[in-house]
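As a plain string of letters, each chain reads:
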Number of protein chains: 2
Amino acid sequence: MASIESSPMPEPSCRSVAIIGLGLLGGSVALSIRRRWPSVRLTACARSPETRALALDRSIVDEVFETPDAAANGCDLAVIATPVNRIASLTQTLAGQFPELTLTDVGSTKGGLVRELLGTASAKQFVPAHPIAGSEKSGAEHARADLFDDKPIVITPSGEELPQHVAAATEFWRATGGRIVTMPAEQHDATLALTSHLPHLLSSLAARQITREMLDLVGTGWLDTTRVAAGDADLWTAIVSENRDAILSAIEQSRSDLDTLQTIVNQGDDAALRTWLDTAKQIRQSAQT
Amino acid sequence: MASIESSPMPEPSCRSVAIIGLGLLGGSVALSIRRRWPSVRLTACARSPETRALALDRSIVDEVFETPDAAANGCDLAVIATPVNRIASLTQTLAGQFPELTLTDVGSTKGGLVRELLGTASAKQFVPAHPIAGSEKSGAEHARADLFDDKPIVITPSGEELPQHVAAATEFWRATGGRIVTMPAEQHDATLALTSHLPHLLSSLAARQITREMLDLVGTGWLDTTRVAAGDADLWTAIVSENRDAILSAIEQSRSDLDTLQTIVNQGDDAALRTWLDTAKQIRQSAQT
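For chain A, the name recorded in an unreviewed UniProt entry is Prephenate dehydrogenase, with Rhodopirellula bahusiensis as its organism.

Caption draft 1: Representation of the overall build of chain A within the structure. Within chain A, the secondary structure is distributed over 11 helices and 9 strands. Relative to the compact-globule value of 19 Å for 289 residues, chain A shows a C-alpha radius of gyration of 21 Å, a close match. Taking the principal axes of the C-alpha coordinates as reference, chain A spans close to 65 × 40 × 40 Å. In chain A, once contacts between residues fewer than 6 apart in sequence are set aside, the share between residues at least 24 apart is 73%. Surface accessibility of chain A: about 11500 Å² in total, with carbon and sulfur atoms responsible for 50%. Of the side-chain charges in chain A, 25 are positive and 35 negative, and the distance between the mean point of each set is 2 Å.

Caption draft 2: Just the interface of chain B and chain A, in detail. Listed by partner, the interface residues are 82 residues for chain B and 82 residues for chain A. At the boundary of chain B with chain A, the tally comes to 12 salt bridges. In this structure, Asp234 of chain A and Arg274 of chain B form a salt bridge, with 2.5 Å as the shortest nitrogen-oxygen distance. Inspection of the chain B/chain A interface yields 28 residue pairs in polar contact (both at pLDDT 80 or more). When the residues that make up the side of chain B that touches chain A are grouped by side-chain class, the tally is 38 nonpolar, 25 polar and 19 charged.

Caption draft 3: Here's a closer look at the relation of the copies chain B and chain A. Overlay of chain B on chain A (RMSD 0.0 Å): rotation 180°, translation along the axis 0.0 Å. What the superposition gives is, in effect, a two-fold axis relating one chain to the other. In terms of proximity to the rotation axis, the leading residue of chain B is Thr225 of chain B, whose C-alpha is 2.1 Å off the axis.

Caption draft 4: Inspection of the nonpolar core at higher detail. One finds Ile20 and Trp222 of chain A together with Ile20 and Trp222 of chain B to be the most contacted residues of the largest nonpolar core, which totals 109 residues. With 9 residues, helix α10 (residues 244–267) of chain B is the single largest residue contributor to this core. Each residue touching Ile20 of chain A, except ones within four places of it in the same chain, is listed here: Cys45, Pro68, Ala71, Ala78, Val79, Ile80, Ala81, Thr82, Leu90 and Leu94 of chain A.

Procedures and definitions
Residues numbered from 1 in each chain as written. Chains lettered and ligands numbered in written order. Predicted model: local features only at pLDDT ≥ 70, side-chain atom pairs only at ≥ 80, totals over all residues. Heavy atoms only, no water. Helix = DSSP H or I, 4+ residues; strand = E, 2+ residues; numbered from the N terminus. Rg over C-alpha atoms; globule rule 2.2 N^0.38 Å. Contact = heavy atoms within 4.5 Å. Areas by Shrake-Rupley, 256 points an atom, 1.4 Å probe, with all protein chains shown as cover. Lys, Arg positive; Asp, Glu negative; His and termini not counted. Charge placed at Lys NZ, Arg CZ, Asp CG, Glu CD. Salt bridge = Lys/Arg side-chain N within 4 Å of Asp/Glu carboxyl O. Polar contact = N/O pair within 3.5 Å; in protein donor to acceptor, adjacent residues only side chain to side chain. Nonpolar A, V, L, I, M, F, W, Y, C, P; charged D, E, K, R; others polar. Least-squares fit on C-alpha atoms with pLDDT ≥ 70 in both. Core = buried A, V, L, I, M, F, W, Y, C linked by side-chain atoms within 4.5 Å. Buried < 20%, exposed > 50% of the residue type's maximum accessible area, 1.4 Å probe, protein only.

Okay, here's the thing in C-alpha cells:
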C-alpha cells in the first residue's frame, strides 16, 4: 500500500477550516489536515486556556478562540468535534450565523442528530460524519496526525444537504487520510451499537468483575479486553444516551447469547462450547488486524 | 527497571531440562531459559515432525524426541506444557519413571489437577505452576524469549511437594524472567476465572454479535476488546472444562452486572451509568499498562 504522504492529492478547494472543540479527535483532525493541506489556515475554539495554549505551542492550529463563532468567522468549513450532546445546537447556531459555511462533525451517533436537524435551515449545510478512530486517551495532548489513516469515515446524509457542502465535506474527510463510507444514519447507529458501543460496555463489564487485589495477576488478555474501559466516562455516557435504543437491542442480543453460553458451560457440553468459541474466532480473524 | 539480561543470576543447579509439549508456552519457556542459562541442555517432546524440525532449526532446544519419557530421560527438571487436560496423566507417568525428576507445568487451571494428584506418589515431585503470559497466537513458531519477563508465575503448592523440588522449580521459573506469586490452587482458579477466563468469554461474546458485513466498520476499540477471541478454541474449551465451577460463578456475577447495566440504560439514568462506567475506568487505570 502506498503511504498516505506519497499519494497524489489535489489542491484543496477550501482555504480556512475551523475546529470546534479541541480534544483527541479535533486535535487529530487539525494535525492530519495540516499534513495534507499545509496551505489551509486552521482555527480552533477551545473552552480551556490550557488547551488553547497547547494548541498554539504544538502548532496544532494557527489561531485559537474562546467561542465557536469567533473560530468559524471567515472559514469555509467547520468541524464540530465536541461531545455528541452539543453538536445539534452548535450546528444550528453556526449555520444561522454563517450561511455559506460547510458544517460537519465527528459524533459517534448519528440518528438523533439527523432527526433533530431535519427540516431546519442548518440541514442544508450540515454533512453528518463519524470518523471511526479513537483511543482510550482523551485530550488534544494525545492528538496524532495519523489517527485517521485508512480508518473508515462514515458519512450519513440526511438527504437535505446541498451538493456543494457534501462535496466539500467529502474532500475534507478524504484529506485526513480516512476512507469514506456512506450509509443511512439509522444503519450507522445500529451497526456502531454492535461494533463499538456494546464492546465498550462489555469491556467495562469485564473490568468491573475484579477487585484491586486481583490486579497483580492480570495478563495481556485482561489488559487488551479491558483497554477501552479506561475511556472517558462522561463521553461514553453521552454516547449511550444518544444511541439508547440501538444499544438496548445490542445488550439484549448479547444477554441472550450469554444465557446460551451459561447453559453450555453448565451442561459441560464441550462440543457446543468449541463451536461457540470458534464462531467468535472466525469473525475476529476475518478482521484486518 | 534493570533489564532482565543485566540482573545478576546465580549458576543454575540443574543441568538439563525437558519441555513436554512445544507450543507457544513450551517454546517460550525454552527460549527464556536458554537466554538466562545458556549452559543448560534443553530437550523437548513434540508430536508433530514439523514442530520438531522447527525446534531444531530455530535452536529452541538442543534435542527433540517423539515421546515424553525419551525427552525427560536424564533430565533434572521437566515442564509439562501441554493442554491442561493432559497434565495429570503425563505427570504420573513421568514421576513413575523418573523418581528424582522435578516436575512442573504451565496449566492455566490448578484446582482439579492438584486434587487429582493429591496422595499419589507424583505429588512429591510435582510443583504446580501457571505463568500468566500468552498470546492469541499459538504454536512454537510464535515462541519468544521475553514472553515471561516481569509476568506473574503463580505457584500453587499442594503441600505434598518435597522441599528440594519446590526450590528447583522456583529457581527455574525465576530464570524465565517472571516473578513468583504463591497461593492456594482454589484461590488461583477463582481469581483466574475473573481475570482471564471470563474476560476471554466476554471478548468472544463481543466478537459474536457482529456480522461479517459489519467488519468494515470496526475500529481499534473492537479490535482490542476482541483480540483474545482469536485464541485457539480447543485450548479454551479445555480451560473452561477444567475450571467450570469458578467460571460459572464468574458468568453469573457478570450476568447480574449486565442486568444492572440494562436497567440503567433502559431508565436513561445517566448519573448511574457514569458511575458504572467510572468504576470500570478506575480499575482499568490501576493496572500497570
